[in-house]
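Each chain is listed here by its residues.
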Amino acid sequence: MLLGIPVLLLLLAAAVMVALSRWRPQFAYHWPVALAGALLAWISVFVLRSRMPLSLPVLTWGQQGGLLATPGLILDAVSWQFALALAALMLAVILTDAGRYASAQHASWIVGLLAGALGLLTVLSGDPVTLVLSWTALDLLVLLFLLWRVSDEGAREAAITAFAGAVLSSLALLAGIALGSGTDFAALGSGGALFALLAVGLRLGGRVAGAKALLPPNVDRGLGVALYFTQLAGPLVLLVRLGEAALPFSSLTLFVLLFLAALYAALVWLRAEDELAGRPFWGLGVAALVGLAALHADPNAALALATAGIALGALLLLASARQRGLLPVFLLAFLALSTLPLSPTSPWAALYTPPFSPLLLAFALPYALLLLGYLRQALGWQAPLSGVERWVGTAYHLGLAVLLLVPWGAALLSGFISISSPLAYPFWLGLVLIGLTGVVWLLDRRGLKLPPAWAALWDRISPHRWLGGLARWLYGLLARALDLPVTLLEGQAGVLWTFLLVALLFSLLGQFRAGR
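Residue positions within a chain follow its written sequence, with the count starting from 1. Predicted model: local features are reported for residues with pLDDT of at least 70 only, side-chain atom pairs are reported and counted for 80 or more only, and whole-chain, interface and lining totals are derived from all residues. Remark: hydrogens and water are excluded; side-chain values derive from all non-hydrogen atoms of the structure.

So, on to the overall build of the protein chain. Counting from the N terminus, the helices are the DSSP runs of H or I reaching at least four residues and the strands are the DSSP runs of E reaching at least two. Scanning the protein chain from N- to C-terminus turns up 18 helices and two strands. Burial status across the protein chain gives 52% buried among its 516 residues. For the exposure calls, accessible area comes from a 1.4 Å probe over protein chains only, and a residue counts as buried if that area is under 20% of its type's maximum, exposed if over 50%, partly exposed in between.

Laid out in structure tokens, this is it:
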């Protein structure tokens, strides 16, 4: 039961705010309630580390394996780091919203806390079945909220497109579970692992195709960041679990696909108008690099980069007000992502420990482009925080500091980095990445651009164009396929048809379980 404390604290804070909104409409102190819930959840994650490992069954419907596995939660080295990052994200969202108090709404904090609770359930999932259930619940929450808050038809269609990608992703992972031989991630086998990778690609592709719905104008910045990164955590934790299981699914084809995804995401992130427009591509680029570590069965490298990608990506996106005093914060975040010695991402450099494939050197380019894009967005102009009380500025900067410290704290506590052995991983990779970042920056400053013909070709083959079209086609196909059952259920005999279908479903399920 201890494992459920962080989730319950977030849910309790959301429930208290709902009750106050219902029976005390004039109550004006929702922010302290949300802050208390997020802070207590963050502290509880720290406390639970001393009790690892922990497990908690969620539902009990038998001991069968595969799709009928009993869902459960687990707290281990992997899930703890993800939980710490998500708990810090929720705390940082509430703290930085103090600087955006004029535009923030308590309804947004309620939805954010609910998303944070479901995000924690996702990263604490001890098996693929629990992961599917958790991220599906989160997808439904995000979809319903966006359809409620968004009135623009294009944004609503984009939200449905993103959800369609998520549904296809869940089906792909369920297919992988069905191919497996047991209930945990290691039991997926090589075939199941390929379906799991497909699930990751579909989820991230849906986020890219549905980019218009990620942060509509009438959804405040803090909530948009919370919704995005809680959804991003699911694919990342799945990749880390695959790397931890060391499944034999590595191939040259997967290697090339990961490189193309990383390069595409890095280029679009670098060219993005601002960090909000480029946000889906930051997540895609980080996931591709985490996937590379998973292919090489290095869970520490995957986990270190995934944690830093969530925390430091959220740091950049939550920094809606910037002044010169924040420059050291962004430089430290840049160094944290650089894989230099003693940086939180230095375990990722272990992929380059000799002997290694020379093909790995190709990934230095998209990684450097991601770093340059991060620095470019961080140095972009944003209106400074002014005309507010001192405590507001303190809360805002404290929220950013929490996200900056999380990767270092997690890496130190997990033993990924040690002051006594700063060169435990190849140090030259960080120097190469910073050197490539500088070279690309100089070329950009000199006005070096892609030839117009190349740029036009790139725009035509950009995956976000055909992914969006494919998702819309699938959505239309699904809508037409549902026309018949909807017509049947809406008729006068709809109730009878419903009972008949439910009875048929239970009958098939009972026969399936009896056969096992």
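Here we come to the packing of aromatic side chains. For Phe, Tyr and Trp, where Trp contributes only its six-membered ring, two rings pair if their centres lie within 6.5 Å, and the inter-plane angle classes them as stacked under 30 degrees, edge-to-face over 60, or tilted in between. Taken as a whole and judged by the stated rule, the model has 13 aromatic pairs. Ring geometry for Tyr228 against Phe229: centres 5.2 Å apart, planes inclined by 80°, an arrangement best described as edge-to-face. For the pair Tyr264 and Phe281, a centre-to-centre distance of 5.9 Å together with 85° between the ring planes defines the contact as edge-to-face. With Tyr264 in helix α9 (residues 252–271) and Phe281 in helix α10 (residues 275–295), this residue pair connects regions lying 17 residues apart in the sequence. Here Tyr264 matches Phe281 in class, with each residue buried. Whether a charge lies above a ring is judged from NZ of Lys or CZ of Arg, which has to be within 6 Å of the ring centre and within 35 degrees of the ring normal. Between the NZ or CZ atom of Arg49 and the centre of the ring of Trp80, over which it lies, the distance is 5.3 Å.

This brings us to the nonpolar core. Counting 148 residues, the largest nonpolar core has Phe82, Phe229 and Trp348 as the members making the most contacts within it. In terms of residues, this core owes the most to one element, helix α3 (residues 77–96), which gives 16 residues. With residues up to four places along the chain from it excluded, the contact list for Phe229 reads Leu86, Leu89, Trp282, Gly309, Ile310, Gly313, Ala314 and Leu317. Nine residue types can take part in a nonpolar core, namely buried Ala, Val, Leu, Ile, Met, Phe, Trp, Tyr and Cys, and a core is a set of them joined through side-chain atoms within 4.5 Å. Of all hydrophobic cores here, the second largest spans 14 residues; its members include Leu146, Val150, Ala159 and Leu223. Residue contacts follow a heavy-atom distance rule, with two residues in contact if any of their heavy atoms lie within 4.5 Å.

Our focus in this paragraph is helix α13 (residues 364–378). An α-helical turn contains 3.6 residues, so any two residues separated by three or four positions project in the same direction. The span one expects for a helix is its residue count, reduced by one, times 1.5 Å. Counted at 1.5 Å a residue, the expected span for α13 with its 15 residues is 21 Å, and the 21 Å between its end C-alpha atoms agrees. Judged by how many residues are buried, α13 sits mostly within the fold: 13 of 15 residues are covered.

Glancing now at the pattern of salt bridges. In what follows, salt bridge is the name for a side-chain nitrogen of Lys or Arg lying within 4 Å of a carboxyl oxygen of Asp or Glu. Evaluation of the coordinates by the stated rule reveals four salt bridges. The residue Asp76 makes a salt bridge to Arg241 at a minimum N-O spacing of 2.9 Å. Of this pair, Asp76 sits in the loop between β2 (72–75) and α3 while Arg241 is found in helix α8 (residues 221–245), placing the two residues 165 residues apart along the sequence. Across this residue pair, the class does not change: Asp76 and Arg241 are buried. For Arg203, the salt bridge identified is with Asp139, shortest N-O distance 2.8 Å. Within this pair, whereas Arg203 is found in helix α7 (residues 189–209), its partner Asp139 is found in helix α5 (residues 128–149), the two being separated by 64 residues in sequence. Judged by its relative accessible area of 1%, Arg203 falls in the buried class. Taken together, the salt bridges that share partners define one network made up of Asp76, Arg241 and Glu244.

Bringing the packing of α3 against α8 into the picture now. Where α3 meets α8, the closest approach of the two axes is 11 Å, and the angle between their N-to-C directions is 175°. Here α3 lies roughly antiparallel to α8, going by the angle between them. Where α3 abuts α8, its residues Val78, Ser79, Phe82, Leu86, Leu89, Met90 and Val93 lie against Gly222, Leu223, Val225, Ala226, Phe229, Thr230, Ala233, Leu236, Val237, Val240, Arg241 and Glu244. Residue type decides the class: Asp, Glu, Lys and Arg count as charged, Ala, Val, Leu, Ile, Met, Phe, Trp, Tyr, Cys and Pro as nonpolar, and the leftover types, Gly among them, as polar. Residues belonging to the contact of α3 with α8 are distributed by class as follows: 14 nonpolar, three polar and two charged. All axes here are fitted lines through C-alpha atoms, helices being fitted over the stretch that makes contact, and every angle between N-to-C directions spans 0 to 180 degrees. For this classification, under 35 degrees means roughly parallel, over 145 means roughly antiparallel, 65 to 115 means roughly perpendicular, and everything else is oblique.

Between helix α4 (residues 106–123) and α5, whose axes approach to 8 Å, the crossing angle comes to 165°. Put simply, α4 runs roughly antiparallel to α5. When the axes of α4 and α5 are compared, the crossing they make is left-handed. On α5, the residues touching Ser108, Val111, Leu114, Ala115, Leu118, Gly119, Leu121 and Thr122 of α4 are Leu131, Ser134, Trp135, Ala137, Leu138, Leu141, Phe145 and Arg149. Class assignment of the residues belonging to the contact of α4 with α5 gives a composition of eleven nonpolar, four polar and one charged. Two helices cross in a left-handed way if the nearer one is turned anticlockwise from the farther one by less than a right angle. They cross in a right-handed way if the turn is clockwise.

Burial of the side chains of strand β1 (residues 54–57) is restricted to one face: Leu54 and Leu56 are buried, whereas none of Ser55 and Pro57 on the reverse face is. Here, strands pair whenever DSSP counts at least two bridges between them. The sheet contact formed by β1 and β2 spans four bridges and is antiparallel. Each residue of the ladder has a partner; that of Leu54, found in β2, is Leu75.

Turning next to unusual backbone geometry. That bond from Met52 to Pro53 is cis: its omega, -5°, falls within 30 degrees of zero. The omega torsion of the bond from Pro354 to Pro355 falls at -5°, within 30 degrees of zero and hence cis. Tracing the chain through its elements places Pro355 in the loop between α12 (327–336) and α13. A positive phi angle is found at Thr339, which is not glycine, with a value near 65°. Inspection of the secondary structure assignment puts Thr339 in the loop between α12 and α13. Judged by its relative accessible area of 1%, Thr339 falls in the buried class.

Following the sequence through the fold, Ser346 ends up in the loop between α12 and α13. Setting aside anything within four residues of it in sequence, one finds Ser346 in contact with Thr339, Leu340, Ile417 and Tyr425.

Next up on the list: α12. Among the residues of α12, those classed as buried are Val329, Phe330, Ala333, Phe334 and Ala336. For α12, the angular spread of the buried residues around the axis is 160°, confining them to a single face. As used here, the arc is the angular range of directions from the helix axis to the C-beta atoms.

Before going further, it helps to spend a moment on the confidence of the model for the protein chain. The predicted coordinates of low-pLDDT regions are not to be read in fine detail. Averaged over the protein chain, the pLDDT score is 79; the fraction of residues at 70 or greater is 77%. Think of pLDDT as the predictor's per-residue confidence, scored from 0 to 100. Across residues 512–516, confidence stays below pLDDT 50; counting only partners more than four residues off in sequence or on other chains, it has nine contacts.

Moving on to a nonpolar patch on the surface. Residues Leu39, Leu40, Ile43, Phe46, Val47 and Leu413 make up a contiguous nonpolar surface patch of roughly 490 Å² in combined accessible area. When residues of the nonpolar patch are assigned to their parent elements, the largest contribution, five residues, is made by helix α2 (residues 30–48). Here Val47 shows up in helix α2. Within this analysis, patches are made of residues with over 30% relative accessible area and no salt bridge. Like charges are joined at 9 Å or less; nonpolar side chains (Val, Leu, Ile, Met, Phe, Trp, Tyr) at 5 Å or less. Values of accessible area rely on a 1.4 Å probe in the Shrake-Rupley scheme; residue burial ignores everything except the protein chains shown.

Its place among the elements puts Pro426 in the loop between α14 (390–413) and α15 (428–445). Setting aside its immediate chain neighbours within four residues, Pro426 contacts Ala349, Ala350, Tyr352 and Thr353.

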